[in-house]
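# An overview of the molecular structure
Single-letter residue listing:
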Amino acid sequence: MKNEFLPPKSLRDVNTHYCSGCGHGILHRLVAQVIDELGLRERVIGVAPVGCAVLAYNYWDFDVSEAAHGRALAVATGIKRSRPEKIVFTYQGDGDLASIGIAETLHTANRGENLTCVFVNNACYGMTGGQMAPTTMIGQKTTTTPWGRDPAFGEGWPLKVSELLAPLKGVSYLARSSISKPQGVRQTYQYIKKAFINQIEKKGFSMVEVLSPCPTIWKKTPIEAAKWIDQEMVKEFPLGVIKE
Amino acid sequence: MAKVKIEKDRCKGCELCVFYCPLKSLELSSDLNKRGVRAANFKKDAKCSGCGFCFLICADRCIKVEK
Ligand SMILES: Cc1ncc(C[n+]2csc(CCOP(=O)(O)OP(=O)(O)O)c2C)c(N)n1
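As a starting point, this report considers the structure included with it. (Residues numbered from 1 in each chain as written. Chains lettered and ligands numbered in written order. Predicted model: local features only at pLDDT ≥ 70, side-chain atom pairs only at ≥ 80, totals over all residues. Heavy atoms only, no water.)

### A closer look at the pattern of salt bridges
- Tallied over the entire structure, the rule returns 19 salt bridges over all chains.
- Residues Arg83(A) and Glu85(A) are paired through a salt bridge, measuring 3.0 Å at the closest nitrogen-oxygen approach.
- When its relative accessible area of 42% is taken as the criterion, Glu85(A) is described as partly exposed.
- Here Lys194(A) ties to Glu244(A) by a salt bridge, and the two come within 3.7 Å at their closest N and O atoms. One end of the pair, Lys194(A), is in helix H6 (residues 182–200); the other, Glu244(A), is in the segment after strand E7 (240–243), with 50 residues separating them in the sequence.
- For Lys194(A), a relative accessible area of 24% translates into the label partly exposed.
- Using a relative accessible area of 66% as the deciding quantity, one classes Glu244(A) as exposed.
- Through salt bridges that share partners, Asp13(A), Glu7(B), Arg10(B) and Arg61(B) make up one connected network. (Salt bridge = Lys/Arg side-chain N within 4 Å of Asp/Glu carboxyl O. Buried < 20%, exposed > 50% of the residue type's maximum accessible area, 1.4 Å probe, protein only. Helix = DSSP H or I, 4+ residues; strand = E, 2+ residues; numbered from the N terminus.)

In structure tokens:
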């Protein structure tokens with residue numbers, strides 16, 4: 001019988017630089033698993049973001065390019081248009097995709113580029129020390145919202161990128177999941193797999209938004225962080241398939 | 001019976017595998033690993049059903065579940 005509980009071949013046998021309880025490690029593994037499962041290892045080109053996952057190319061054993069902050073989808077568009085036979089995906093944080101890169105995100109989705117995007121929503125800027133991201137929750141304390149995010153202070157409401165992209169004609173698949181518990185990890189795997197299959201079938205832009213814990217910035221233990229996603233974050237960011 | 005193998009020196013001690021194990025077969029060891037954290041440990045003579053929850057939630061490639 002095939003054992004599904006072994007690390008995938010596309011994930012390098014190295015230690016990561018991520019903090020204890022960080023979700024990036026799990027997501028790297030899921031992406032590698034999907035690529036192995038679909039036999040895409042020689043065909044895939046990933047685009048890594050700026051953010052904590054900037055060193056993702058050290059952890060994946062396939063071709064990965066790096067993009068300037070927020071520009072991963074623009075770089076991916078260029079790669080895909082010049083090498084249409086390749087499977088191209090981006091892996092981006094919320095600061096990267098939803099803040100500095102929101103223009104690239106919207107227009108890539110609106111053009112219906114045949115790409116896959118893995119969007120890691122951890123409700124903060126992790127790498128730079130915990131500033132507010134567009135996805136930060138109301139009342140959540142960050143270094144730039146020390147009293148908690150408050151729309152009355154002009155800090156706005158959490159940006160729901162998946163719902164924002166849903167009406168666009170070029171977008172073929174949108175789903176949101178969380179990796180706070182093992183069941184969610186399994187579900188996320190299915191969503192990411194679907195997003196890659198869509199690209200193989202040339203259906204257009206697919207994005208999977210993943211709620212991922214950042215215990216260091218949230219100042220919680222990994223278990224508290226996982227519970228916070230299940231109890232608080234999912235209220236603002238409901239899980240499930242948003243568009244298909 | 002399934003078997004959990006843990007590479008202790010990789011573990012960052014997040015404790016999520018301990019928290020999610022349905023049979024409560026995992027614990028944090030009392031000594032420190034190379035990283036200086038209390039690594040996850042499979043309890044002596046504990047049971048494993050092979051559900052793979054610990055593998056799924058581990059972000060650091062420490063855990064393998066063999067059936
Ligand atoms: C053009 C530019 N502006 C700002 C920065 C600083 N910077 C580096 S990472 C980052 C935030 C990344 O946050 P996110 O995308 O949420 O990823 P995370 O670290 O949370 O995984 C910022 C603002 C930069 N590297 N380049």
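### Here we look at the site of the ligand
Residues and elements named next belong to chain A.
- Inspection of the region around the ligand gives 16 residues, with Cys52, Asp94, Gly95, Asp96 and Gly126 positioned closest.
- Within the backbone of Cys52, one N or O atom sits 2.8 Å away from an oxygen atom of the ligand.
- The backbone of Gly126 places a nitrogen or oxygen atom 2.8 Å from an oxygen atom of the ligand.
- Here the ligand loses 72% of its free accessible area of 590 Å² to cover by the protein chains.
- Looking at which element gives the most residues to the shell around the ligand, the answer is helix H3 (residues 94–100), with four residues.
- Classifying every residue of the shell around the ligand gives six nonpolar, eight polar and two charged. (Near = heavy atom within 4 Å. Polar contact = N/O pair within 3.5 Å; in protein donor to acceptor, adjacent residues only side chain to side chain. Areas by Shrake-Rupley, 256 points an atom, 1.4 Å probe, with all protein chains shown as cover. Nonpolar A, V, L, I, M, F, W, Y, C, P; charged D, E, K, R; others polar.)

### Brief notes about the packing of helix H2 (residues 72–82) of chain A against helix H4 (residues 102–111) of chain A
All names here are of chain A.
- Where H2 meets H4, the axes come as close as 9 Å, and the angle between the chain directions of the two elements is 35°. Across the interface between the two elements, Leu73, Ala74, Thr77 and Arg81 from H2 touch Glu104, Thr105, Thr108 and Arg111 from H4.
- Residues that form the contact of H2 with H4 fall into these classes: two nonpolar, three polar and three charged. (Axes fitted to C-alpha atoms, helices over the stretch in contact; angles between N-to-C directions. Contact = heavy atoms within 4.5 Å.)

### Quick look at the sheet that holds strand E1 (residues 44–48) of chain A
Residue and element names in this part refer to chain A.
- Read across the sheet, seven strands follow the order E2-E1-E3-E4-E6-E5-E7 without closing on themselves; strand pairing throughout is mixed. Each edge of the sheet is formed by a strand with only one pairing partner; in this case those strands are strand E2 (63–66) and E7. Looking at each pair of strands side by side, their axes are set apart by 20° on average, direction ignored.
- Across the sheet, helix H8 (residues 222–236) is in contact with strand E4 (116–121), strand E5 (171–178) and strand E6 (205–211); its angle to E6 comes to roughly 130°. (Pairing = 2+ DSSP bridges.)

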